Amino acid sequence: FQSYQKSSCSILNPSAIYANNEVSLEEVDIYGFDYDYTLALYSNNLDTMIYDTARDFLIEHFKYPEGIHKYDYVPNFAARGLHYDIQKGLLMKIDAFHYIEPGTVYRGLKPVPDEEVVGLYGGTHHVPLNQDSGFYGKGPKMKQFMDVFSLPEMTLLAVANDYFISNDIEYDPVHLYKDVSAIGMVHLKGFMYKWITQDLEKFILSGEPTRAVLQRLVSQGKKLFLITNSPFSFVDKGMVYMVGQNWREFFDAIIVQADKPHFFNDCFKPFRRLDSNGDLQWDKINSLEKGQIYKQGNLFEFLRLTGWRGSKVLYFGDHLYSDLADLMLRHGWRTGAIVPELIHETKVVNTKQYALGLTWLQALTGLLERMQIHRDPESQKVLQEWMKEREEAVTKNLFNPQFGSIFRTSHNPTYFSRRLCRFSDVYMASISCLLNYDLSYTFYPRRTPLQHEAPLWMDQLCTGCMKTPFLEEMALIR
Ligand SMILES: [Mg+2]
């Protein structure tokens, strides 16, 4: 009990699994995995490589100015989950209520003053995302960056915007966006497969935990499957490197080039078998055999052939939309999100500096809530100072200096956070976190109070009387 108390105090564990919804592993018989950034984790070298290649491609093939070449990759510039205004060329962080967080709008590599932002969005911080962007964050006016290429892609957009602006060159940000995304979609994937398979050690982070997870699940009688958008030869080389020659024996079904998210919605694309050379076969698929490789297909067919339905299936993926959204909303499998950013973010939350910042932020909020009834000029002056301090007390800089935490704006959850809660039952930094739990473990989400169930800020502070003269009371509190 004592050791439980010790571990349950305020220190967060970066290798824990966090629950949005109750999940009992006891009930899970079948474990499914995405491949890239789920089974295979890649080093930061890959981001630099993607950036350099895309930048040079932009110059060589799209004839962009040579000057862009002098911009090296900025590793900590962008963060996952940000929105990009395609027409205005602005990168920004948006909260769960579709409001832009002040101080987090970047044009090129420079922040845009808040007054200007408000001017650009019709006198408000609110962005009508349901008009400007699809449910899965894809345009036409706004794009949310969620996938593998996002960090280098956002950085390249910022860099190119920066070059045009600082050299006073007229351009249309829409063309820039289209060109950069074309490079990502069409060309970079092929390059990426090549680089990684040529130097597995440089790009793939340790595969030992992946092997350990798969081995543990299989040894306890669980069924495993893989659904990836990547091609077989690429996955095969990576898996041989991480897990061993016999990796296919771990899986009851292997689907490559699945074309997620369409895999989850399309009802027509049949599965095709690949032979051991990776050549497509033409036989009709009436069952998914262990050890065989299948291409494409769709989830409806997958469910029919396997009978793996409902909450006995838990699927892990890193992409909230392509991997998890449809499973959660339509198909009822349990979902696990891989969020590697948790390692850094929990580290920050564990610092004393963060704890002090947060305590002060809450104290100030409580004071503001309690003291706002004092309308005399002297009190109002103090209140104004507190409000200013409350905005500055925020611990944003401890995370990404430009955009802060991927989970929170100053006072709200982010848009990313809300989607994470909606589309994943559990979330964790990597699948190796599974090694910290036995396979009968139940993840219980914390019961956090709803707004009407929680005490008011002022009651949290103290239950003093509201009639005490303001400054006197202040003296007491200070
Ligand atoms: Mg992935």
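Residues numbered from 1 in each chain as written. Predicted model: local features only at pLDDT ≥ 70, side-chain atom pairs only at ≥ 80, totals over all residues. Heavy atoms only, no water.

**Q** Please provide a residue-by-residue account of the overall build of the chain, values included.
**A** Along its length, the chain carries 18 helices and 16 strands. The globule rule puts the C-alpha radius of gyration for 478 residues at 23 Å, and the 25 Å found for the chain is close to it. The C-alpha extent of the chain, read off along each of the three principal axes, is 85 × 65 × 40 Å. Per-residue burial for the chain yields a buried fraction of 49% across its 478 residues. Counted over contacts in the chain with a minimum sequence separation of 6, partners at least 24 positions apart contribute 74%. (Helix = DSSP H or I, 4+ residues; strand = E, 2+ residues; numbered from the N terminus. Rg over C-alpha atoms; globule rule 2.2 N^0.38 Å. Buried < 20%, exposed > 50% of the residue type's maximum accessible area, 1.4 Å probe, protein only. Contact = heavy atoms within 4.5 Å.)

**Q** Before we move on, could you go through the packing of aromatic side chains and cite the residues and values that matter?
**A** Following the criterion strictly, the structure yields 39 aromatic pairs and no others. On the basis of an interplanar angle of 40 degrees and a centroid distance of 5.7 Å, the ring pair of Tyr18 and Tyr427 is categorised as tilted. Pair noted here: Tyr18 is in strand S1 (residues 18–19) and Tyr427 is in strand S15 (residues 426–428), with a separation of 409 residues, a long-range link. Each member of the pair Tyr18 and Tyr427 is classed as buried. Seen from their ring centres, Phe302 and Trp308 are 5.9 Å apart, and the 70 degrees between their planes marks the pair as edge-to-face. Taken together, Phe225, Phe263, Phe264, Phe271, Tyr294, Phe302, Trp308, Tyr315 and Trp333 form an aromatic cluster joined through their ring pairs. (Phe/Tyr/Trp six-rings, centres within 6.5 Å; stacked < 30°, edge-to-face > 60°.)

**Q** I'd like a rundown of the domain arrangement of the chain, residues and numbers included.
**A** In terms of domains, the chain is made up of domain 1 (7–41 + 204–338) and domain 2 (82–144). Put simply, the middle of domain 1 and the middle of domain 2, counted by C-alpha atoms, are 34 Å apart. Counting from both sides, the interface comprises four residues of domain 1 and, opposite them, four residues of domain 2. Summed over both sides, the interface between domain 1 and domain 2 buries roughly 380 Å², with carbon and sulfur atoms accounting for 58% of that surface. Its largest share of buried area at the contact with domain 2, domain 1 owes to Tyr321, Asp326 and Leu329, together 82% of the area lost on that side. Applying the counting rule to domain 1 against domain 2 returns zero salt bridges. Applying the counting rule to domain 1 against domain 2 returns two residue pairs in polar contact (both at pLDDT 80 or more). Residues that form the side of domain 1 that touches domain 2 fall into these classes: three nonpolar, no polar and one charged. (Domains from an automatic or database assignment. Buried area = accessible area lost by both parts, 1.4 Å probe. Salt bridge = Lys/Arg side-chain N within 4 Å of Asp/Glu carboxyl O. Polar contact = N/O pair within 3.5 Å; in protein donor to acceptor, adjacent residues only side chain to side chain. Nonpolar A, V, L, I, M, F, W, Y, C, P; charged D, E, K, R; others polar.)

**Q** Can you explain the pattern of salt bridges? Please cite residues and give values.
**A** Summed over all chains, the structure comprises 17 salt bridges. With a closest N to O distance of 2.8 Å, Lys269 and Asp259 form a salt bridge. Here Lys269 is found in the loop between helix H10 (262–265) and strand S11 (271–274), whereas its partner Asp259 is found in the loop between strand S10 (253–256) and H10, with 10 residues between them in sequence. The exposure class assigned to Lys269 is partly exposed, which follows from its relative accessible area of 27%. For Lys260, the salt bridge is made with Asp323, and the minimal N-O distance between the two is 2.8 Å. In this pair, Lys260 sits in the loop between S10 and H10 while Asp323 sits in helix H12 (residues 320–331), placing the two residues 63 residues apart along the sequence. Judged by relative accessible area, which is 5%, Lys260 ranks as buried. Residue classification places Asp323 among the buried positions, given a relative accessible area of 3%. Each of Asp52, Arg55, Asp56 and Asp72 takes part in a single network of salt bridges with overlapping partners.

**Q** So what's going on with the coordination of the magnesium ion? Residues and values would help.
**A** Ligation of the magnesium ion by protein atoms is provided by Asp34 (OD), Asp36 (O) and Asp318 (OD), these donors lying 2.1 to 2.3 Å from the ion. Positions of the donor residues of the magnesium ion, expressed as sequence spacing, correspond to D-x1-D-x281-D. Exposure class is identical for Asp34 and Asp36. Each is buried. (Donors = N, O, S within 2.8 Å, 3.2 Å for Na, K, Ca; no water.)

**Q** So, the UniProt feature "binding site: Mg(2+)" (unreviewed entry) in the chain: which residues are in play, and what are the values?
**A** Mapped onto the present numbering, the UniProt feature "binding site: Mg(2+)" (unreviewed entry) falls at Asp34 and Asp318. A maximum C-alpha distance of 7.6 Å places the annotated residues, which cover 285 residues in sequence, within one compact spot. Note that Asp34 resides in the loop between strand S3 (30–33) and helix H2 (45–60). In terms of polar contacts, Asp34 uses its side chain to reach the side chain of Thr38, at 3.0 Å. If you trace the backbone, Asp318 turns up in the loop between strand S13 (313–317) and H12. For Asp318, the contacting residues outside a window of four places in its chain are Asp34, Asp36, Tyr37, Thr38, Arg80, Asp323 and Ile338. (UniProt positions renumbered as here; feature names shortened; annotations may be inferred.)

**Q** Break down the UniProt feature "binding site: GMP" (unreviewed entry) in the chain for me, citing the residues and quoting the values.
**A** Within this structure's numbering, the places UniProt gives as "binding site: GMP" (unreviewed entry) are Asp36. As for its position among the elements, Asp36 is in the loop between S3 and H2. In this structure Asp36 comes out as buried when scored by relative accessible area, which is 10%. If near-sequence neighbours (up to four positions away) are discounted, Asp36 is found in contact with Tyr42, Met192, Thr228, Ser230, Phe234 and Asp318.

**Q** Can you break down the sheet that holds strand S5 (residues 90–94) residue by residue, with the values?
**A** Here we have five strands laid out as an open sheet, ordered S7-S6-S5-S4-S8, and antiparallel in their pairing. Two strands lie at the open edges of the sheet, namely strand S7 (110–111) and strand S8 (142–144), each paired on one side alone. (Pairing = 2+ DSSP bridges.)

**Q** Residues and numbers for unusual backbone geometry, please.
**A** For the bond from Gly139 to Pro140, the omega torsion is 10 degrees, close enough to zero to count as cis. Mapping Pro140 onto the fold places it in the loop between helix H4 (129–132) and S8. Of note, the amide linkage connecting Lys260 to Pro261 takes the cis form, showing an omega dihedral of 5 degrees. With respect to the helices, strands and loops of the structure, Pro261 is situated in the loop between S10 and H10. The residue Tyr37 is not glycine, and still its phi comes out positive at about 65 degrees. Following the sequence through the fold, Tyr37 ends up in the loop between S3 and H2. Assessed through its relative accessible area of 15%, Tyr37 is described here as buried. In this model, Asp259 sits at a positive phi of 65 degrees, which is unusual for a non-glycine residue. By relative accessible area, which is 29% here, Asp259 ends up partly exposed.

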